[in-house]
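Here's the letter readout for the chains.
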Amino acid sequence: MTGILPGSINYIYRHLADEESRYVFANRLLYSLTDDNSYMLHIVKKQKEWDWLISRLESCRKCYGSAEIWVFGAGFWGNVIYDLLSETYPLAGFIDNDERKHTSEGRIIKGPDAETEGIYIIATMYYEEIEKQLLRAGAAPECIISVGRIWRRGFSRRQYFDPGFMKSEGNESFIDCGCYDGMDVDKFVAWCGGNYKRILAFEPDLRSYEKTRKRLTGRYHDTQVINGAVGEMRGEARFRSDIRPGSSRIDAEQGESMTQVYTIDGALDGEEATFIKMDIEGSELSALKGGGGTIRKYRPKLAICTYHKPEDMWEIPEYVLSLHEDYRLYFRHYNYSRTETVMYAL
């Protein structure tokens, strides 16, 4: 972690546009400095998705008060939900299809056929399959709570295009750095009502690139998908794609493949950008520097992930403000876990 100066924090803080941004920034900053997860819990419990989860759980308990509460999924996401809920509710433990899984906390893990009369909180990305599995086993539909479904209906819809303050001015030129499967391009087109001039999307992972290309080909006009990463300088770099599903990043030491690296300035060659979005696994600051000329010239809207490295919480906003001191900064968080904190510059 690089050094942090109190003056830099005060400078960033003065540019935060609303109370929610100040709350998210302060708690995320403290988490970055201390690694104390309680600060992330403060953020999560302020989200309306948290209220939805608690409301569903309370409804289940009113009807099935004596039923045990199980978290289905003993992976990372399941442990996050367990930590959040165990402060208030007596959780029985985990259920997981992979009985070999163990948690560092030594919590109870049972196979999927261990219980059918309980309250089930599904905390995996495979929630649709597990919903069907529980229903086939005889679980009551009203006792199945899918965190992933809540996430998709709430967090995921707002991320990068938050309706509270993200407004399209029309004739947008959208640069999507880290497009994964192209879903954010769909969200962009819906957000601007199809009133855009150009879409340029980057994705270094070949499988995700092909998925995006197939998804977008013929669907939208003036759309280009580039199989490559975005950075400060053009060239080549090693990258790895085994971090977690849908994620790849530049990694000079452990990267198993090579990818072309582009700069935003070079790719645009002087043309306009009105909106730049980045979720590129820790390369955001480098990519911003590679787009510094574009940002200085056109002052585009920015939606930049700031959760991959602790220092992102101050280095990224400080650099963005060095390009345009009049940017208004918003911070929002879009997950139950420590991931998906986004800085907006407007």
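Treat the numbers as computed from the prediction; the structure is a model and nothing was measured. Counting restarts for each chain, with residues numbered from 1 along the sequence as it is written. The model is predicted, so local features are restricted to residues of pLDDT at least 70 and side-chain atom pairs to those at 80 or more, both for listing and for counting; the totals for chains, interfaces and linings are taken over all residues. Only heavy atoms go into the side-chain values, all of them from the structure, while hydrogens and water stay out.

1. A look at the overall build of the chain
Inference 1: By the criteria applied, helices consist of DSSP H or I runs no shorter than four residues and strands consist of E runs no shorter than two, each listed in order from the N terminus. Per the secondary structure count, the chain includes 14 helices and 16 strands.
Inference 2: Note on method: radius of gyration uses C-alpha positions; expected globular size equals 2.2 Å times residues raised to 0.38. Taken over C-alpha atoms, the radius of gyration comes to 21 Å for the chain, in line with the 20 Å a tight globule of 346 residues would show.
Inference 3: If you line up the chain on its principal axes, its C-alpha atoms span 65 × 45 × 45 Å.
Inference 4: Exposed residues in this analysis have more than 50% of their type's maximum accessible area, buried residues have under 20%, and partly exposed residues fall in between, with area computed by a 1.4 Å probe over protein chains only. A total of 346 residues make up the chain; the buried ones form 55% of that total.
Inference 5: Should any heavy atoms of two residues lie within 4.5 Å, those residues are counted as being in contact. Sequence-distant contacts in the chain: of pairs separated by 6 or more residues, those separated by 24 or more amount to 69%.

2. Overview of the pattern of salt bridges
Pairs can form between side chains of opposite charge once their charged atoms are near each other.
Inference 1: The rule for a salt bridge is simple: a side-chain nitrogen of Lys or Arg has to be within 4 Å of a carboxyl oxygen of Asp or Glu. For the coordinates displayed, the defined rule picks out 16 salt bridges.
Inference 2: The residue Arg-332 makes a salt bridge to Asp-18 at a minimum N-O spacing of 2.6 Å. Of this pair, Arg-332 sits in strand β15 (residues 329-333) while Asp-18 is found in the loop between α1 (6-14) and α2 (19-34), placing the two residues 314 residues apart along the sequence.
Inference 3: Given the relative accessible area of 7%, Arg-332 is considered buried.
Inference 4: Several salt bridges share partner residues, and in doing so they unite Asp-176, Asp-184, Lys-187 and Lys-277 into one network.

3. Let's talk about the packing of aromatic side chains
Inference 1: Any Phe, Tyr or Trp ring, taking Trp's six-membered ring, that has another such ring centre within 6.5 Å forms a pair; planes under 30 degrees apart are called stacked, those over 60 apart edge-to-face, and the others tilted. With the rule as written, the count across this model stands at 15 aromatic pairs.
Inference 2: Arranged with centres 4.3 Å apart and planes meeting at 10 degrees, the rings of Phe-174 and Phe-188 form a pair that is stacked. With Phe-174 in strand β6 (residues 172-177) and Phe-188 in helix α9 (residues 183-191), the pair connects residues that are 14 residues apart, well separated along the chain. Just as Phe-174 is buried, Phe-188 falls in that class too.
Inference 3: Ring pairing ties together the aromatic residues Phe-161, Phe-174, Phe-188, Trp-191, Tyr-196 and Phe-275, which thus form one cluster.
Inference 4: Taking NZ or CZ as reference, Lys-46 lies 5.1 Å from the ring centre of Tyr-23, over its face.
Inference 5: Between the NZ or CZ atom of Lys-277 and the centre of the ring of Tyr-160, over which it lies, the distance is 5.0 Å. Look at NZ for Lys and CZ for Arg. If either is within 6 Å of the ring centre and within 35 degrees of the ring normal, a charge sits over the ring.

4. Considerations on the environment of Leu-30
Inference 1: In this structure, Leu-30 sits in helix α2.
Inference 2: We classify Leu-30 as partly exposed; its relative accessible area is 34%.
Inference 3: Not counting residues up to four positions away in its chain, the partners in contact with Leu-30 are Asp-35 and Tyr-39.

5. A look at the pairing of strand β16 (residues 341-345)
Inference 1: Most of β16 sits inside the fold, with 5 of its 5 residues counted as buried.
Inference 2: Side-chain alternation along β16 places Thr-341, Met-343 and Ala-345 on one buried face and Val-342 and Tyr-344 on a second face that is also buried.

6. Remarks on the side chain of Arg-28
Inference 1: Looking at where Arg-28 falls in the secondary structure, it is placed in helix α2.
Inference 2: The convention is simple: Lys and Arg are positive, Asp and Glu are negative, and His and the chain ends are not counted. Of the side chains with opposite charge, Asp-312 comes closest to the buried, unpaired Arg-28, at an N-O distance of 8.1 Å.
Inference 3: Apart from residues no more than four positions distant in its own chain, Arg-28 is found in contact with Met-40, Ile-43, Tyr-307, Met-313, His-333, Arg-338 and Thr-341.

7. A few points about the side chain of Glu-131
Inference 1: By the element assignment, Glu-131 lies in helix α6 (residues 127-136).
Inference 2: Polar contacts involving the side chain of Glu-131 include one to the side chain of Ser-146, which spans 2.4 Å.
Inference 3: Whenever two N or O atoms come within 3.5 Å, that pair is a polar contact, provided that in protein one can donate a hydrogen and the other can accept it, and provided that, for residues adjacent in sequence, both atoms are side-chain atoms. Within the structure, Glu-131 has its side chain in polar contact with the side chain of Arg-149 (distance 2.8 Å).
Inference 4: If we skip the residues at most four places from it in the chain, Glu-131 touches Ile-122, Ile-144, Ser-146 and Arg-149.

8. A look at the sheet that holds β15
Pairing between the strands of a sheet comes from backbone hydrogen bonds, and it takes one of two forms, parallel or antiparallel.
Inference 1: The pairing criterion is simple: DSSP has to find at least two bridges between the two strands. With respect to topology, 7 strands assemble into an open sheet ordered β8-β7-β6-β13-β14-β16-β15, the strand pairing being mixed. Every other strand in the sheet has two partners, leaving β8 (223-226) and β15 as the edge strands with one partner each. On average, each strand axis in the sheet is inclined to that of its neighbour by 10 degrees, with strand direction left out of account.
Inference 2: Across 4 bridges, the pairing between β6 and strand β13 (residues 275-278) is parallel. Bridge pairing in β13 links Cys-177 to Met-278.
Inference 3: Note on definitions: angles span 0 to 180 degrees between N-to-C directions of axes, and those axes are lines fitted to C-alpha atoms, for helices only across the stretch in contact. The strands that α9 touches are β6, β7 (196-202), β13 and β14 (301-305); relative to β6, the one it contacts most, it runs at about 160 degrees.

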